[in-house]
Every structure is written in structure tokens, then in C-alpha cells.
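Analysis of the macromolecular model
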Amino acid sequence: MTAIDKLIQTADNEVGYLEKSSNSQLDDKTANAGMNNYTKYWRDIKNEYQGQPWCAVFGYMVLYQGFRSG
């Protein structure tokens, strides 16, 4: 699989994920949906930023997951 294919697959796997209203059920795609910017992306990258806009961390997560070895 090429690097670009891995990036696309990683992003595609997140289709349907909704941001959460609190720090609960972050791994479930649709549970606890809300507009408070809580996501599994911030939890996994820099948890103290929970509640901040998550568009940049999503891009970072896709790149990190797509290019990490293993």
C-alpha cells in the first residue's frame, strides 16, 4: 500500500465520527454527540487541549497514523 493510500484509508475510517459534548464515549462514533469539541484525537495527541477546535489535530492524526511504522 502506498503512503497516500494509507492516509486516505486512515481518514476514511473516521467518516461519521462526531465531536462530543463532554469527555465521555470518545471512541464511539456517534454517542455523546455535541458541539463542545471533545474528541478522541485530542485525547490521543494532547489531552489538555480537549474542548479546542479539532480540525488541525485531525489532520495531524491522519498523518501520524498514515506514516508510523508497523
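Residues numbered from 1 in each chain as written. Predicted model: local features only at pLDDT ≥ 70, side-chain atom pairs only at ≥ 80, totals over all residues. Heavy atoms only, no water.

What follows covers helix α3 (residues 55–67). Here α3 contains 13 residues, and its C-alpha end-to-end distance of 19 Å stays within 8% of the 18 Å for a straight helix at 1.5 Å per residue. Those residues of α3 not exposed but buried are V57, M61, V62 and G66. Projected down its long axis, α3 carries its buried residues within an arc of 165 degrees, all on one side. Within α3, the exposed residues directed more than 90 degrees away from the buried face are A56 and F67. (Helix = DSSP H or I, 4+ residues; strand = E, 2+ residues; numbered from the N terminus. Expected span 1.5 Å × (residues − 1). Buried < 20%, exposed > 50% of the residue type's maximum accessible area, 1.4 Å probe, protein only. Arc of directions from axis to C-beta.)

Moving on to the packing of aromatic side chains. What the rule picks out here adds up to six aromatic pairs. Look at Y60 and Y64: their rings are 6.3 Å apart centre to centre, the planes differ by 15 degrees, and that puts the pair in the stacked class. One end of the pair, Y60, and the other, Y64, are both in helix α3, four residues apart, so they sit about a helical turn from each other. Classification of Y60 by relative accessible area gives partly exposed; the value is 44%. An aromatic cluster of at least three residues, connected via ring pairs, comprises Y17, Y41, W54 and F58. A cation over an aromatic ring shows up here: K20 above the ring of Y17, its NZ or CZ 4.7 Å from the ring centre. (Phe/Tyr/Trp six-rings, centres within 6.5 Å; stacked < 30°, edge-to-face > 60°. Lys NZ or Arg CZ within 6 Å of the ring centre and 35° of its normal.)

Our focus in this paragraph is the nonpolar core. If you look at the biggest cluster of nonpolar residues, it comprises eight residues: L7, Y17, L26, Y41, W42, V57, M61 and V62. The set of elements that each furnish at least two residues to this core consists of α2 (40–46) and α3. Here the element with the most residues in this core is α3; it accounts for three residues. When residues no more than four places from it in sequence are discounted, the contact partners of Y41 are E14, Y17, W54, V57, F58 and M61. (Core = buried A, V, L, I, M, F, W, Y, C linked by side-chain atoms within 4.5 Å. Contact = heavy atoms within 4.5 Å.)

Let us now look at unusual backbone geometry. The residue Q25 is not glycine, and still its phi comes out positive at about 55 degrees. The residue Q25 is located in the loop between α1 (3–12) and α2 in this model. Judged by its relative accessible area of 47%, Q25 is partly exposed. Despite not being glycine, N37 shows a phi value in the positive range, around 65 degrees. You can see N37 is positioned in the loop between α1 and α2. Classification of N37 as buried rests on a relative accessible area of 17%.

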